[in-house]
Every structure is written in C-alpha cells, then in structure tokens.
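Each chain is listed here by its residues.
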Amino acid sequence: LSTSATTANQVVDSFTAASFRVVKYLIQVTSGSNYQVTEVLAVHDGTTVYLSEFGSIATNTDLATFDADISSSNFRLLTTPANSATTIKVTRIGVRA
C-alpha cells in the first residue's frame with residue numbers, strides 16, 4: 001500500500017474471514033528516510049476482531065497505526081498513516097479457521 005493521504009482505516013490486507021481464524025503480520029512502514037517495523041497479532045470470532053500490536057520500532061516516530069475489522073465476511077487489516085507519503089509492506093502468517 002502506498003498512501004497519498006492520512007485518511008483513517010485504509011485497507012492494507014483483506015481475506016475471507018473463514019480462511020483464517022488467527023493471523024500474524026510483520027509490517028514495514030517507510031516514509032522518506034524514516035522507518036517503522038511492527039508486529040500485529042489478531043484473532044476473530046467471525047464478527048469481532050481482537051488485535052494486539054507489539055514490538056514496534058521506529059527510527060524517528062511511528063509512521064502508522066493499525067486496526068482490523070470484519071466487513072462483508074472479510075477480515076481487513078487497516079491503517080491510519082501519519083503522513084501522506086507512506087509505503088506499507090506486510091507479511092501475513094495465517095492459521096486455518
């Protein structure tokens with residue numbers, strides 16, 4: 001995801017919620033010469049997502065925050081970038097539902 005605005009809840013990743021019950025993300029965020037890395041661990045019950053963000057390291061300040069939801073039977077990893085020139089890359093590990 002490359003952002004051009006600081007709009008809240010931009011979708012970073014999405015998949016059918018029935019595919020995975022538990023998911024872990026390793027997330028890299030860059031903006032100019034600033035970098036952030038964080039891990040997100042989430043579990044859902046088909047309706048509500050329970051999320052923990054941990055291990056966040058930033059070279060200057062956090063470049064993005066993360067959340068997740070279930071929308072139209074899809075799990076969505078969401079971000080709110082701190083500025084309008086942010087690139088976000090993710091690696092997802094999922095555990096089957």
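Before reading on, note that the structure itself is shown above.
Heads up: these notes are all about the structure in this document.

What counts, and at which threshold
- Residues numbered from 1 in each chain as written.
- Predicted model: local features only at pLDDT ≥ 70, side-chain atom pairs only at ≥ 80, totals over all residues.
- Heavy atoms only, no water.
- Helix = DSSP H or I, 4+ residues; strand = E, 2+ residues; numbered from the N terminus.
- Rg over C-alpha atoms; globule rule 2.2 N^0.38 Å.
- Buried < 20%, exposed > 50% of the residue type's maximum accessible area, 1.4 Å probe, protein only.
- Polar contact = N/O pair within 3.5 Å; in protein donor to acceptor, adjacent residues only side chain to side chain.
- Contact = heavy atoms within 4.5 Å.
- Pairing = 2+ DSSP bridges.
- Axes fitted to C-alpha atoms, helices over the stretch in contact; angles between N-to-C directions.
- Patch = residues over 30% accessible without salt bridge, like charges linked within 9 Å, V, L, I, M, F, W, Y side chains within 5 Å.
- Areas by Shrake-Rupley, 256 points an atom, 1.4 Å probe, with all protein chains shown as cover.
- Salt bridge = Lys/Arg side-chain N within 4 Å of Asp/Glu carboxyl O.
- Phe/Tyr/Trp six-rings, centres within 6.5 Å; stacked < 30°, edge-to-face > 60°.

Here we look at the overall build of the protein chain
A tally of helices and strands in the protein chain yields zero helices and seven strands. From first element to last, N terminus to C terminus, the protein chain shows the α and β order β-β-β-β-β-β-β. A compact globule built from 97 residues would reach a C-alpha radius of gyration of about 13 Å, and the protein chain, at 13 Å, matches this within 12%. Principal-axis analysis of the C-alpha atoms places the extent of the protein chain at approximately 40 × 25 × 15 Å. Here the protein chain holds 97 residues, and 32% of them are scored as buried.

Re the side chain of Thr79
With respect to the helices, strands and loops of the structure, Thr79 is situated in strand E6 (residues 74-81). Here Thr65 takes part through its backbone oxygen, which lies 3.0 Å from a polar atom of the side chain of Thr79. With near-sequence residues (within four places) excluded, Thr79 lies in contact with Leu1, Thr7, Ala8, Asn9, Gln10, Val12, Ala64, Thr65, Phe66 and Ile88.

Examining the sheet that holds strand E1 (residues 10-16)
The strand order across the open sheet built from three strands is E1-E6-E5, with neighbouring strands paired in antiparallel fashion. With one partner strand each, in any of the chains shown, E1 and strand E5 (64-71) form the two edges of the open sheet. Within the sheet, the average angular offset between the axes of one strand and its neighbour, ignoring direction, is 20°. When E1 meets E6, the two strands line up antiparallel, connected through six bridges. Note on E6: the bridge partner recorded for Asp13 is Leu77.

Focus on a nonpolar patch on the surface
Together, Leu26, Val37 and Ile57 make up an exposed nonpolar region whose accessible area comes to about 250 Å². Among the secondary structure elements, Val37 is positioned in strand E3 (residues 34-44).

Brief notes about the packing of aromatic side chains
In the structure shown here, the tally under the stated rule is two aromatic pairs. Judged by centre distance (5.2 Å) and plane angle (80°), the rings of Phe15 and Phe20 are edge-to-face. For the pair formed by Phe15 and Phe20, the shared burial category is buried. For the ring pair Phe15 and Phe75, a centre distance of 4.8 Å and an interplane angle of 15° mean the geometry is stacked. Within this pair, whereas Phe15 is found in strand E1, its partner Phe75 is found in strand E6, the two being separated by 60 residues in sequence. The buried category is assigned to Phe75, whose relative accessible area is 0%. Members of the aromatic cluster, each reached through a chain of ring pairs, are Phe15, Phe20 and Phe75.

Treat this as a map of the structure, not an account of what it does.
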